[in-house]
Amino acid sequence: MAATTPRGRLQGKNAIITGAGGGIGLETSILFAREGANVLMADVSEPALAKALAKVKEVVPTAPRVELIRCDVSKESDVQAMVESQDSWGGTDVIFNNAGIMHANDADAIDTPEKIWDLTHNINVKGVWFGSKHAVLSLRRHKKARGSIINTASVVALVGAATPQLAYTASKGAVLAMTRELAIVHAREGFRFNALCPAPLNTPLLQDWLGDDQAKRFRREVHFPTGRFGEPIEQAHAVVFLASDESSFVNGTDFVVDGGMTKAY
Ligand code: NAD
């Protein structure tokens, strides 16, 4: 769990984090609050959000402003309402489009059900498009000279997974390509787009997908030079950097946080 010491690298910034009900989104909410950001935590699960909000307030009692909003990122009307709800805060400066799923029935080209493909792409790809679109509209509406949009991709956008999850892999490749183009198109407006590429982490998303299958777990873990999966807080630290003005010349990157996994053989 993050330390509580207030810092201030995101002081005065209004931030939205999707998928804030757990995993990377929750740890990032804690660090953003600690760094002085005003944080709007968004998730499709209201019970998860309520617990997550309580956690942030407990860990960072000095948090300037932390609120929650229910949002299904696959629905544009929800995403629009989420972003516009920050208009009264002074407009959004940072959005972390992080919500995503990896379905247990996602498999190879033969066995992946079409409905799982569509569900995965609606959340993982359309969700990032909608979040990016409404972030740009908000940044323009509030005449912001700079903005930072961080989209969660995955290392599977860079390397093939031997334990197949074709719909998920394709969706994260789309996030990477979309982020790159957005970064180029909006650079002269001062809006930066970067893609976070985490390697497998200890979050419910991974644990649910691995289940009790020890062979599947081993097949994943063996690629880690560190001998372990990552922790969500190790991603959250990278997101703070990408959100902050410290990364003002970092744009369009595939920001890989993987303990060296993609460099291992
Ligand atoms: P998690 O399952 O712990 O948290 C994801 C959150 O997203 C949950 O709270 C869930 O309720 C929420 N969510 C799901 N569908 C949603 C929707 N339609 N609208 C809004 N919220 C929704 O997952 P995590 O591991 O923290 O994953 C966060 C991101 O990181 C995802 O995009 C995931 O693909 C990516 N990622 C995870 C890993 C990993 O191993 N855990 C690795 C690489 C990338």
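Scroll up to find the structure this text is about.
Residues numbered from 1 in each chain as written. Predicted model: local features only at pLDDT ≥ 70, side-chain atom pairs only at ≥ 80, totals over all residues. Heavy atoms only, no water.

Asks: Looking at this model, I keep getting lost on the overall build of the protein chain. Mind explaining?
Replies: A count of helical and extended segments in the protein chain gives eight helices and seven strands. Radius of gyration (C-alpha) of the protein chain: 17 Å, near the 18 Å computed for a compact globule of 265 residues. Based on the C-alpha atoms only, the size of the protein chain along its principal axes is roughly 50 × 35 × 35 Å. Going through the 265 residues of the protein chain one by one, you find that 53% of them count as buried. (Helix = DSSP H or I, 4+ residues; strand = E, 2+ residues; numbered from the N terminus. Rg over C-alpha atoms; globule rule 2.2 N^0.38 Å. Buried < 20%, exposed > 50% of the residue type's maximum accessible area, 1.4 Å probe, protein only.)

Asks: Looking at this model, I keep getting lost on helix α3 (residues 76–84). Mind explaining?
Replies: Owing to its 3.6 residues per turn, the α-helix brings residues three or four apart onto one side. For α3, the complete set of buried residues consists of D78, V79, M82 and V83. When α3 is viewed along its axis, its buried side chains cluster within an angular range of 125 degrees and face the same direction. Elements in contact with the buried residues of α3: β1 (14–18), β2 (38–43), β3 (65–70), β4 (94–97) and α4 (114–141). (Arc of directions from axis to C-beta. Contact = heavy atoms within 4.5 Å.)

Asks: Which parts of the structure should I look at to understand the packing of aromatic side chains?
Replies: By convention here, two paired aromatic rings are described through the distance between centres and the angle between planes. One pass over the structure, following the stated rule, counts three aromatic pairs. Considering the side-chain rings of F224 and F229, the 5.5 Å spacing of their centres and the 85 degrees angle between planes classify their relative orientation as edge-to-face. On the basis of relative accessible area, F229 is assigned to the buried category, the value being 3%. Above the plane of the ring of W89 lies R65, whose end atom (NZ or CZ) is 4.0 Å from the centre. (Phe/Tyr/Trp six-rings, centres within 6.5 Å; stacked < 30°, edge-to-face > 60°. Lys NZ or Arg CZ within 6 Å of the ring centre and 35° of its normal.)

Asks: Sorry if this is basic, but what is going on with the nonpolar core here?
Replies: In terms of nonpolar packing, the biggest core is built from 34 residues, with F32, V39, M41, V66 and I150 touching the most fellow members. Of all elements in the fold, only β1, α1 (23–34), β2, α2 (46–59), β4 and α8 (232–243) reach the threshold of two or more residues within this core. Not counting chain neighbours up to four residues away, the residues in contact with F32 comprise L10, A15, I17, A37, V39, V94, V239, V240 and A243. If you look at the next biggest cluster of nonpolar residues, it comprises 30 residues, including V83, A99, V128 and V136. (Core = buried A, V, L, I, M, F, W, Y, C linked by side-chain atoms within 4.5 Å.)

Asks: Can you help me understand the sheet that holds strand β6 (residues 191–198) in this one?
Replies: Either a parallel or an antiparallel arrangement is found when strands of a sheet pair, and the pairing is made through backbone hydrogen bonds. Read across the open sheet, the seven strands follow the order β3-β2-β1-β4-β5-β6-β7; overall the sheet is parallel. The sheet is open, and its two borders are formed by β3 and β7 (254–257), each paired with just one other strand. Averaged over all adjacent pairs, the angle separating strand axes in this sheet is 20 degrees, with direction ignored. In this sheet, strand β5 (residues 147–152) lies alongside β4 in parallel orientation, the contact comprising four bridges. Bridge pairing links F96 to I150 in β5. This element, helix α5 (residues 166–186), spans β5, β6 and β7 of the sheet and lies at about 160 degrees to β6. In the packing of α8 onto the sheet, contacts are made with β4, β5, β6 and β7, and the angle to β6 comes to roughly 170 degrees. (Pairing = 2+ DSSP bridges. Axes fitted to C-alpha atoms, helices over the stretch in contact; angles between N-to-C directions.)

Asks: What should I look at first to understand the packing of α1 against α8 in this one?
Replies: Geometrically, a packed helix pair is captured by the angle between its two axes and the distance between the axes. Where α1 meets α8, the closest approach of the two axes is 8 Å, and the angle between their N-to-C directions is 50 degrees. Put simply, α1 runs oblique to α8. Regarding α1 and α8, the two cross each other, and that crossing is right-handed. Each of G23, I24, E27, T28, L31, F32 and R34 in α1 lies in contact with α8, whose residues at this interface are P232, I233, Q235, A236, H237, V239, V240 and A243. Its residues placed into classes, the contact of α1 with α8 shows nine nonpolar, four polar and two charged. (Parallel < 35°, antiparallel > 145°, perpendicular 65-115°, else oblique. Left-handed = near helix turned anticlockwise from the far one by under 90°. Nonpolar A, V, L, I, M, F, W, Y, C, P; charged D, E, K, R; others polar.)

Asks: Explain α8 here, please?
Replies: With 12 residues, α8 should cover 16 Å at 1.5 Å per step; its first-to-last C-alpha distance of 16 Å lies within 8% of that length. Taken residue by residue, α8 has P232, Q235, A236, A238, V239, V240, L242 and A243 as its buried positions. On its buried side, α8 packs onto α1, β4, β5, β6 and β7. (Expected span 1.5 Å × (residues − 1).)

Asks: Just checking my understanding: could you explain the packing of α3 against α4 for this structure?
Replies: Interaxial distance between α3 and α4 falls to 9 Å at its minimum, and their mutual angle equals 35 degrees. Crossing hand, α3 versus α4: right-handed. Here E76, V79, Q80, V83 and E84 of α3 come into contact with α4, specifically with F130, G131, K133, H134, S138 and R141. Residues that form the contact of α3 with α4 fall into these classes: three nonpolar, four polar and four charged.

Asks: So what exactly am I meant to see when it comes to the site of the ligand here?
Replies: Lining the immediate environment of the ligand, one finds 28 residues, of which D43, N98, Y168, L201 and T203 sit closest. The separation between an oxygen atom of the ligand and a polar side-chain atom of D43 is 2.6 Å. At 2.9 Å, a side-chain N or O of K172 approaches an oxygen atom of the ligand. If the ligand stood free it would expose 820 Å²; the protein chains cover 91% of that surface. Elements represented by at least two residues in the shell around the ligand include exactly α1, α5 and α6 (204–210). Among the elements that take part in the shell around the ligand, α6 stands out by supplying three residues, more than any other. The residue inventory of the shell around the ligand, partitioned by class, reads 16 nonpolar, nine polar and three charged. (Near = heavy atom within 4 Å. Polar contact = N/O pair within 3.5 Å; in protein donor to acceptor, adjacent residues only side chain to side chain. Areas by Shrake-Rupley, 256 points an atom, 1.4 Å probe, with all protein chains shown as cover.)

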